[in-house]
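Residue strings, one per chain:
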Amino acid sequence: MHHQTALVLFSGGQDSTTCLAHALQSYARVETIGFDYHQRHRVELEARLKVLNEIRRQFPQWEGKLGQDHTLDLAVLGAVSETSLTRETAFRMEASGLPNTFVPGRNLLFLTLAATVAYRRDLQVIVTGVCETDFSGYPDCRDDTMKAMQLALSLGMDKRYLIETPLMWIDKAETWRLAERLGGASLVDLIVEHTHTCYLGDRTHRHAWGYGCAQCPACELRARGWEGYRAGFAPKQIG
Ligand code: ZN
């Protein structure tokens, strides 16, 4: 089956923006979905819209393919979880080795809702920027989880979904390289300038790799990846 249409889980961060570029390069029609779970920092939702606008403006070859953006209100996540994303608690690592931003099964919810929208919009591929090489080791980002979700959603909705994870086996330096391959230096610049990663919502301190506090784990990861990318390390074997 030749896939033509995709729905991208798009948060306005570096990873999901790279996934969006990948989808725009690969499919004829691409829509985006984002979730508002009343994050402490509205900057993430603002970054989403800014990135979408800039992609439309700077990449005429993609503009015609980029369709509707869907934003779902997931205030309910705040009601069932207590994490530093939704409450005024400081970011820290838990004894489990997971950051306290971890909401158990959050990605399972996201994917289920994305599949529901994809069904309605007749989109075949669901693209998500989950990654096993990420520092945080979220169990709902693992490859096995994605394969299980693909099967569960396909059976449960009686529609053949493909869950695509372009970043699953690459690190942050390679994610920057992938962005460069997809959209050249202008996409890299767009990601640096407009995507948001920092857990503290810092948009005042500008670094070579973008805006952020430079202290939180998300900033550290992004900065380290950028250094690796700029240093031009040989790409790691994929798979
Ligand atoms: Zn930060």
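What counts and what doesn't
Residues numbered from 1 in each chain as written. Predicted model: local features only at pLDDT ≥ 70, side-chain atom pairs only at ≥ 80, totals over all residues. Heavy atoms only, no water. Axes fitted to C-alpha atoms, helices over the stretch in contact; angles between N-to-C directions. Helix = DSSP H or I, 4+ residues; strand = E, 2+ residues; numbered from the N terminus. Left-handed = near helix turned anticlockwise from the far one by under 90°. Contact = heavy atoms within 4.5 Å. Nonpolar A, V, L, I, M, F, W, Y, C, P; charged D, E, K, R; others polar. Salt bridge = Lys/Arg side-chain N within 4 Å of Asp/Glu carboxyl O. Buried < 20%, exposed > 50% of the residue type's maximum accessible area, 1.4 Å probe, protein only. Donors = N, O, S within 2.8 Å, 3.2 Å for Na, K, Ca; no water. Tetrahedral: all angles 85-135°; square planar, octahedral: opposite > 155°, others 65-115°. Pairing = 2+ DSSP bridges. Core = buried A, V, L, I, M, F, W, Y, C linked by side-chain atoms within 4.5 Å. Phe/Tyr/Trp six-rings, centres within 6.5 Å; stacked < 30°, edge-to-face > 60°. Lys NZ or Arg CZ within 6 Å of the ring centre and 35° of its normal.

A. Representation of the packing of helix H1 (residues 14–26) against helix H2 (residues 43–58) within the structure. Running from amino to carboxyl end, H1 crosses H2 at an angle of 35°, the nearest separation of the two axes being 12 Å. In this structure, the crossing between H1 and H2 has a hand that is right-handed. Contacts between H1 and H2 involve Thr17, Leu20 and Leu24 from the first element and Val51, Leu52 and Ile55 from the second. Of the residues belonging to the contact of H1 with H2, the class tally is five nonpolar, one polar and no charged.

B. Main features of the pattern of salt bridges. Within this structure, the stated rule accounts for 10 salt bridges. Note that glutamate 31 is salt-bridged to arginine 121, the shortest N-O span being 2.7 Å. One end of the pair, glutamate 31, is in strand S2 (residues 29–36); the other, arginine 121, is in helix H5 (residues 106–121), with 90 residues separating them in the sequence. Relative accessible area serves as the criterion here: at 26%, arginine 121 is assigned to the partly exposed category. Note that lysine 50 and glutamate 54 form a salt bridge whose closest N and O atoms lie 3.7 Å from each other. Residue lysine 50 and its partner glutamate 54 are located together in helix H2, separated by four residues, close to a single helical turn. Taken together, the shared-partner salt bridges in this structure form one network comprising Arg29, Glu31 and Arg121.

C. Representation of the coordination of the zinc ion in the model. Distances from the zinc ion to its protein donors, namely Cys198 (SG), Cys213 (SG), Cys216 (SG) and Cys219 (SG), fall within the range 2.3 to 2.4 Å. The site at the zinc ion holds four donor atoms, and with the angles between them running 105 to 118°, its shape is tetrahedral. Written as a sequence motif, the donor arrangement for the zinc ion is C-x14-C-x2-C-x2-C. On the criterion of sequence distance, the pair formed by cysteine 198 in the loop between helix H7 (172–194) and strand S6 (206–207) and cysteine 216 in the loop between strand S7 (210–211) and helix H8 (217–231) is long-range, its members being 18 residues apart.

D. Here's a closer look at the sheet that holds strand S3 (residues 66–73). The five strands lie next to each other as S3-S2-S1-S4-S5, forming an open sheet whose pairing is parallel. Either end of the sheet is taken by a strand with one partner, and the two such strands are S3 and strand S5 (162–164). Strand-to-strand, the axes of this sheet are offset by a mean angle of 25°, without reference to chain direction. As paired elements, strand S1 (residues 5–9) and strand S4 (residues 125–127) share three bridges and run parallel to each other.

E. Highlighting the nonpolar core. Residues Leu20 and Ile126 are the most contacted members of the largest nonpolar core, which totals 66 residues. The element best represented in this core is H7, accounting for 10 residues. Not counting the four nearest positions on each side in its chain, isoleucine 126 is found in contact with Leu7, Leu9, Leu111, Ala114, Ala115, Ala118, Tyr161, Leu162, Ile163 and Glu164.

F. Summary view of the packing of aromatic side chains. A complete count under the given rule lists five aromatic pairs for this structure. Taken together, a centroid distance of 5.4 Å and an interplanar angle of 55° make the contact between tryptophan 226 and tyrosine 229 tilted. Of the two residues, tryptophan 226 and tyrosine 229 both sit in helix H8, three residues apart, roughly one turn of that helix. By the ring-pair criterion, three or more aromatic residues cluster together here, those being Trp176, Trp226 and Tyr229. Looking at lysine 159, its charged tip hangs above the ring of tyrosine 119, at a distance of 5.9 Å from the centre. A cation over a ring is seen here: arginine 206 above tyrosine 211, with NZ or CZ 5.7 Å from the ring centre.

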